[in-house]
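# A look at the structure
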Amino acid sequence: MPDSQPQQPHPSSSGADGLPGPNRQGGSDGPDKAPSGPTPLLLCGARLVDGRTVDVRLDGGRIEAVGTAGSLAAGATGTRVDLSGFLLLPAPAEPHAHGDTALSADGDGPLPYDVQDVQRRTTEAALLQLGHGATALRSHVRVGDVQGLDALAAVLQARRSLRGLAELTAVAMPRLLTGLAGADGLAMLRDAMKMGAAAVGGCPDTDPDPTGYVEAVLELASEHGCPVDLHTDATDPARLARLAAMAGGLRPGVTLGPCGGLGLLTPDVAGRAADLLAAAGVTVVCLPQGGCGSAERREVAPVRLLRSAGVRVAAGSGALRDVSNPVGRGDPLEAAYLLASRHGLRPEVAYDSVSAAARAVLGLPEVRVEAGFPAELLAVRGDGLAGALSLAYSRIVVHRGRVVARTSAVREYCGSTAGAGAAALELPRQGRSGLS
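This report concerns the structure included in the present document.

### Things to note about the pairing of strand 3 (residues 53–59)
For strand 3, the tally of buried residues reaches 5 of 7 residues, placing the bulk of the element in the interior. As judged from the 5 bridges shared by strand 2 (residues 41–47) and strand 3, these two strands associate in the antiparallel manner. Pairing of A46 across the sheet is with V54, part of strand 3. Counting the residues in the hairpin turn of strand 2 and strand 3 gives 5 residues, including G51, whose phi is positive at 95°.

Below is the structure:
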């Protein structure tokens, strides 16, 4: 019998199982084209983090039922996916991307902000991160100055072209908001919100009046009822205290990142700052894989200190192969791995930082592998979470109840007696089981 039953699944526009037809490497079926009608999907033989092996049936964009392996049927119109040897997890989310500058490290001269170029790079970057498992992404986009609103328009077009594959939202980032020079930036920011930016952001540290910058952002966010997501290195504890005092109580919430400068403060000073952030309900998004072009420091925020103070900490990728991090990978599992290996978080806590906490930053509902929850899932080859974070090569990504990306890795040992010995000993290997 199934272990859990539906909790009023909600319909969605999820389509049939399988990758997009025209572009098997992750392309869209076309701008504004929605997936076909929902088709039930049965994930067979998946392992959960608690050690159980289960079948999971998806329908209408949600988890319809979870039962012991072999207890569920796909139905007459359903599709089966064999997940034997895979660990099934809630899908990660990307809370801090820079799609407008992604994949530009190899370019010569100034960064091109042509609309088509920005749209192409944003779309390709989102698909790369989707392949890693991130089914929802927040991209910080510069507005004003030379590019005006062109970059934002390109990112919003990329969002439309990705519909059915991943959820992409934009944060509008003006450079200046105070003084005579900031008047244009404030007008541009208002226009950006009307265009469809989902959050107000920016970098107050670069404005001549950081406090005035934050005041302008919070006022506009309050008018539009949208979240705030600001860049700061957090090297100035007095400025951070003022920001926390101003942000307290704002709904739907304030996020700061990457806050690498907190780690350079004395433990007492950093601890007091963390207490203020926790009291104000501010979330911190750290960037374990490196910095981003809108932050000067590359240090990682002191995640254990922040968590001990009660601050919600999520982890993002930051730069994806742009000039500030030419080797950025945009892989949430690598971010979780770094939090576990370098910062001493337990694997479960580290993964929560790129999944549940990251989804909360984006205002998305919680995901559990239980009936009734959204079918936003990631299957990685491995028996346990620690192993998956270490060697998560093969992955299957589910968004709105349909498979939207697959990565298959095969490892073989050739020309040596070690290969035959490994087979005889039944040693683990990366393989194609269940993927063909």
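### Focus on the packing of helix 1 (residues 115–132) against helix 2 (residues 150–161)
One can describe the packing of helix 1 onto helix 2 by two numbers: an axis separation of 8 Å at closest approach and a directional angle of 45°. On the basis of their axis angle, the class for helix 1 and helix 2 is oblique. As for the relative orientation of helix 1 and helix 2, their crossing is right-handed in sense. From helix 1, V115, V118, Q119, T122 and T123 reach across to helix 2, where they touch D150, A151, A154, V155, Q157, A158 and S161. Grouping the amino acids of the contact of helix 1 with helix 2 by side-chain chemistry returns 6 nonpolar, 5 polar and 1 charged.

### Notes on the sheet that holds strand 12 (residues 254–258)
With parallel pairing, the 8 strands of this open sheet are ordered in space as 7-8-9-10-11-12-13-14. Edge positions in the sheet fall to strand 7 (94–97) and strand 14 (313–315), since each of these pairs with one other strand and no more. Here the strands of the sheet are splayed against their neighbours by 25° on average, with no regard to which way each runs.

### Looking at the side chain of S394
Relative to the helices and strands, S394 resides in the loop between helix 11 (385–390) and strand 16 (395–399). Owing to a relative accessible area of 0%, S394 belongs among the buried residues under this scheme. A distance of 3.0 Å separates a polar atom in the side chain of S394 from the backbone nitrogen of A409.

### With respect to the nonpolar core
In terms of nonpolar packing, the biggest core is built from 83 residues, with L152, L256, L262, L277 and L306 touching the most fellow members. The element that contributes the greatest number of residues to this core is helix 4 (residues 210–224), accounting for 7 residues. Discounting chain neighbours no more than four positions away, the residues touching L306 are L262, A274, L277, V284, A301, V311 and V313. Judged by nonpolar contacts, the second largest core, of 21 residues, contains L43, L88, I396 and V398.

### Comments concerning the pairing of strand 11 (residues 228–232)
With respect to burial, strand 11 is a largely interior element, 5 of its 5 residues being buried. Neither face of strand 11 is exposed, since V228, L230 and T232 on one face and D229 and H231 on the opposite face are all buried. Judged from the 3 bridges that link them, strand 10 (residues 199–202) and strand 11 form a sheet pairing that is parallel. Following the sheet pairing, G201 is matched in strand 11 by D229. With helix 4 bridging strand 10 and its parallel neighbour strand 11, the resulting β-α-β unit is right-handed.

What counts and how
Residues numbered from 1 in each chain as written. Predicted model: local features only at pLDDT ≥ 70, side-chain atom pairs only at ≥ 80, totals over all residues. Heavy atoms only, no water. Buried < 20%, exposed > 50% of the residue type's maximum accessible area, 1.4 Å probe, protein only. Helix = DSSP H or I, 4+ residues; strand = E, 2+ residues; numbered from the N terminus. Pairing = 2+ DSSP bridges. Axes fitted to C-alpha atoms, helices over the stretch in contact; angles between N-to-C directions. Parallel < 35°, antiparallel > 145°, perpendicular 65-115°, else oblique. Left-handed = near helix turned anticlockwise from the far one by under 90°. Contact = heavy atoms within 4.5 Å. Nonpolar A, V, L, I, M, F, W, Y, C, P; charged D, E, K, R; others polar. Polar contact = N/O pair within 3.5 Å; in protein donor to acceptor, adjacent residues only side chain to side chain. Core = buried A, V, L, I, M, F, W, Y, C linked by side-chain atoms within 4.5 Å. Right-handed = clockwise from strand over helix to strand, strands pointing away.

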